[in-house]
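Below, each chain spelled out in residue letters.
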Amino acid sequence: MRYYSTGKMAPEVSLSQAVKNGLAPDRGLYMPERIVRLPESFYSGIGSMTFSGIASVVADAFFGDDIPEDDLHGIVDDTLSFDTPLVKVEDGIYSLELFHGPTLAFKDVGGRFMARMLSWFIGHDGGTGQGTGKVTVLVATSGDTGSAVANGFLGVDGIDVIVLYPSGKVSDIQEKQFTTLGRNITALEVDGSFDDCQRIVKSAFMDEDLRSVFTLTSANSINVARFLPQAFYYFNAYAHAVRMGLDGEIVFSVPSGNFGNLTAGLFAARMGLPVSRFIAANNVNDVFLEYLRTGIYRPRASVRTIANAMDVGDPSNFARILDLYGGSVEAIRRDISGCRYTDDEIRDAVRSVHDRTGYLLDPHGACAFLGLKDGLKPGQTGIFLETAHPAKFKDTVGEILGEEISIPDRLRAFLDAPKLSVKIGSEYLDFKDYMLARLQ
Ligand SMILES: *Cc1c(COP(=O)(O)O)cnc(C)c1O
């Protein structure tokens, strides 16, 4: 399979090259040249398949030309060491729990898959004949990406990971999950916002000085190896829905920041997954909603909220959505609607759902839940993506409920370890100086 850039100004590349490049040289995002529609027989039998069996079929459709079947299915199996259960919250509304992986956020799926795929390519050089040099993975994080990617790559030979995160703007637990690891993982604490971190990473890819000495790649959802596997759990959600006997058109509500998660859902729909439509749930960082309303995309600085992983003012996967729909806002509106919620509305939702049903939402899932509450039509089945375990936002959620939130053991282990981070300023040159100093 070849990959083209949404910028349309860069050559098409192989999967291996798309994974290693991260961002295309014209600053566009890579897109697979084809989206394969899966056969009816797959959908009619999906209810009796395992998650890993389902994901292997989806993986074959994208990566089957590039990685031998046994190896690819091995990568899938290894990635999906946990399920994504569908849990009823109230009549017609279900939570797709994506937080049962090692760092308790949905990004474990993409992070773990990408680590294994990249390491496979480094071992096999993807047929490019470019040898097996060391790769440096750069990742900007607003919280959960850093931990999923860092834990996914921890101890993987031939790969160094550098996590850039905004100082003071991620929760303690999130920070501990990527600053305590050491080994091949370095955490850079940037004196700025998530958008600054993301800008630094994008600039690094354009910087010939750095590229001449480092083989850089990105593990943000701009990377196809992180982004495409996120389609897996939409299919798994459908399989659960079939087993639970849910009828009614399915509407997915996705708490969105960089829109990688939602875009993966759009790919699943193009592959024939029976989905009626998508809701893009946002906090007050609502450039996408504004785009749906006005047809004009106006990126702006992000605002801090209690759903911090969605504090994004210029979502990188917007380029992919535009590309999928040929730039037509009318076509986008037919498949995706938007909504936005303030911190107070998020707090109310967490509290009232907990009081009413006993189900504990995290602030991101709460936005997506509200999107269904406000947007679901009679007879439809609403599935919202619960993107992180509420304990990852222990302070916020605890404050809302007025009680202490217990932390799963998996998380507690990180909390006791000492933080190892390097502080840098928010300018690109601060980062570049740091990188060049690493060479000494
Ligand atoms: C990253 C993240 C999001 C946003 O996902 P995108 O793919 O960037 O839209 C939502 N919720 C949580 C908990 C996250 O970590």
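Everything below is about the structure shown above.
Residues numbered from 1 in each chain as written. Predicted model: local features only at pLDDT ≥ 70, side-chain atom pairs only at ≥ 80, totals over all residues. Heavy atoms only, no water.

Draft legend 1. Local environment of the overall build of the protein chain. If you tally the helices and strands in the protein chain, you get 20 helices and 14 strands. Looking at the protein chain as a whole, 61% of its 440 residues qualify as buried. For the protein chain, the accessible surface area stands at approximately 15900 Å², while carbon and sulfur atoms represent 48% of it. Charge separation in the protein chain, taken as the distance between the mean sites of 42 positive and 56 negative side-chain charges, equals 2 Å. (Helix = DSSP H or I, 4+ residues; strand = E, 2+ residues; numbered from the N terminus. Buried < 20%, exposed > 50% of the residue type's maximum accessible area, 1.4 Å probe, protein only. Areas by Shrake-Rupley, 256 points an atom, 1.4 Å probe, with all protein chains shown as cover. Lys, Arg positive; Asp, Glu negative; His and termini not counted. Charge placed at Lys NZ, Arg CZ, Asp CG, Glu CD.)

Draft legend 2. Broad picture of helix 13 (residues 287–294). Residues Val 287, Phe 288, Leu 289, Tyr 291 and Leu 292 constitute the buried set of helix 13. Looking at the packing, one finds that the buried side of helix 13 touches strand 11 (277–282), helix 14 (318–324), helix 15 (329–335) and strand 12 (336–340). Gly 295 sits one or two residues past helix 13 and shows a positive phi near 80 degrees. (Contact = heavy atoms within 4.5 Å.)

Draft legend 3. Focus on the sheet that holds strand 4 (residues 86–90). Ordered in space as 4-5-13-10-11-12, the 6 strands form an open sheet in which the pairing is mixed. Of all strands in the sheet, those bounded by a partner on one side alone are strand 4 and strand 12. For this sheet, the mean inter-axis angle between neighbouring strands, taken without regard to orientation, is 25 degrees. In this sheet, strand 11 lies alongside strand 10 (residues 250–255) in parallel orientation, the contact comprising 5 bridges. Bridge pairing in strand 11 links Val 254 to Ala 280. Where helix 13 meets the sheet, it contacts strand 11 and strand 12, and its direction lies at approximately 125 degrees from that of strand 12. (Pairing = 2+ DSSP bridges. Axes fitted to C-alpha atoms, helices over the stretch in contact; angles between N-to-C directions.)

Draft legend 4. Region of interest: the sheet that holds strand 3 (residues 30–32). Reading across the sheet, the 3 strands line up as 2-1-3 and stay open at both edges, with antiparallel pairing between neighbours. Two strands bound the open sheet, and with one partner strand each, they are strand 2 (13–14) and strand 3.

Draft legend 5. Just unusual backbone geometry, in detail. The backbone of Lys 8 shows a phi angle near 60 degrees, a positive value even though the residue is not glycine. Of note, Lys 8 is situated in the loop between strand 1 (2–5) and strand 2. Despite not being glycine, Arg 27 has its phi angle at roughly 70 degrees, a positive value. Accessibility expressed as a relative area gives 43% for Arg 27, which makes it partly exposed.

Draft legend 6. Layout of the pairing of strand 1. Residues Tyr 3 and Ser 5 point to one face of strand 1 and are all buried, whereas Arg 2 and Tyr 4, pointing to the other face, are not buried. Note that strand 1 and strand 2 share 2 bridges and pair antiparallel. Looking across to strand 2, one finds that Tyr 3 is bridged to Val 13. Bridge analysis of strand 1 against strand 3 gives 3 bridges, and the strand direction is antiparallel.

Draft legend 7. Molecular detail of the pairing of strand 6 (residues 135–140). For strand 6, the buried fraction is high: 6 of the 6 residues fall into the buried class. Of the two faces of strand 6, the one carrying Val 135, Val 137 and Val 139 and the one carrying Thr 136, Leu 138 and Ala 140 are both buried. Summarising the sheet, strand 6 and strand 7 (residues 159–166) pair through 6 bridges and their orientation is parallel. Among the inter-strand pairings, Ala 140 is bridged to a residue of strand 7, identified as Leu 164.

Draft legend 8. The packing of aromatic side chains, seen in detail. Tallied over the entire structure, the rule returns 22 aromatic pairs. Centre to centre, the rings of Tyr 43 and Tyr 238 are 6.5 Å apart; their planes meet at 70 degrees, and the pair counts as edge-to-face. With Tyr 43 in helix 2 (residues 40–45) and Tyr 238 in helix 11 (residues 232–243), the pair connects residues that are 195 residues apart, well separated along the chain. Taken individually, Tyr 43 and Tyr 238 each receive the classification buried, so the pair is uniform in this respect. On the numbers, 5.2 Å between centres and 85 degrees between planes, the contact of Phe 227 with Phe 267 is edge-to-face. Linking Phe 227 in helix 10 (residues 224–227) with Phe 267 in helix 12 (residues 260–270), this pair joins segments that are 40 residues apart in sequence. The exposure class of Phe 267 is buried, given its relative accessible area of 0%. A network of ring pairs unites the aromatic residues Phe 62, Phe 63, Phe 113, Phe 227, Phe 232 and Phe 267 as a single cluster. (Phe/Tyr/Trp six-rings, centres within 6.5 Å; stacked < 30°, edge-to-face > 60°.)

Draft legend 9. Up close: the environment of His 100. Inspection of the secondary structure assignment puts His 100 in the loop between strand 5 (93–97) and helix 5 (107–124). With relative accessibility at 29%, the residue His 100 sits in the partly exposed group. With 287 residues separating them along the chain, His 100 and Thr 387 place their C-alpha atoms 9.8 Å apart. Here His 100 is in contact with Phe 82, Asp 83, Pro 85 and Arg 410, once residues within four sequence places are set aside.

Draft legend 10. The arrangement of the state of the cysteines in detail. On inspection of all chains with the given rule, the structure shows 0 disulfides. Cysteine Cys 339 shares no disulfide, and the gap to the nearest cysteine sulfur, in Cys 367, comes to 7.5 Å. (Disulfide = S-S within 2.5 Å.)

Draft legend 11. Layout of the environment of Glu 40. Within the secondary structure, Glu 40 is located in helix 2. Overall, Glu 40 belongs to the exposed group, its relative accessible area being 62%. C-alpha of Glu 40 to C-alpha of Gly 272: the two residues are 232 residues apart in sequence and 8.5 Å apart in space.

Draft legend 12. The layout of surface pockets, seen in detail. For the largest pocket, the calculated volume is near 320 Å³. Surrounding the largest pocket, 18 residues form its lining, Val 170, Ser 171, Asp 172, Asp 395 and Thr 396 being those nearest its centre. The element contributing the most residues to the lining of the largest pocket is helix 18 (residues 394–401), with 4 residues. (1 Å grid on protein atoms, 1.4 Å probe; cavity = no way out; pocket = protein on both sides within 12 Å on 5 of 7 lines; lining within 4 Å. Points joined across faces, edges and corners; volume = space filled by probe spheres on them.)

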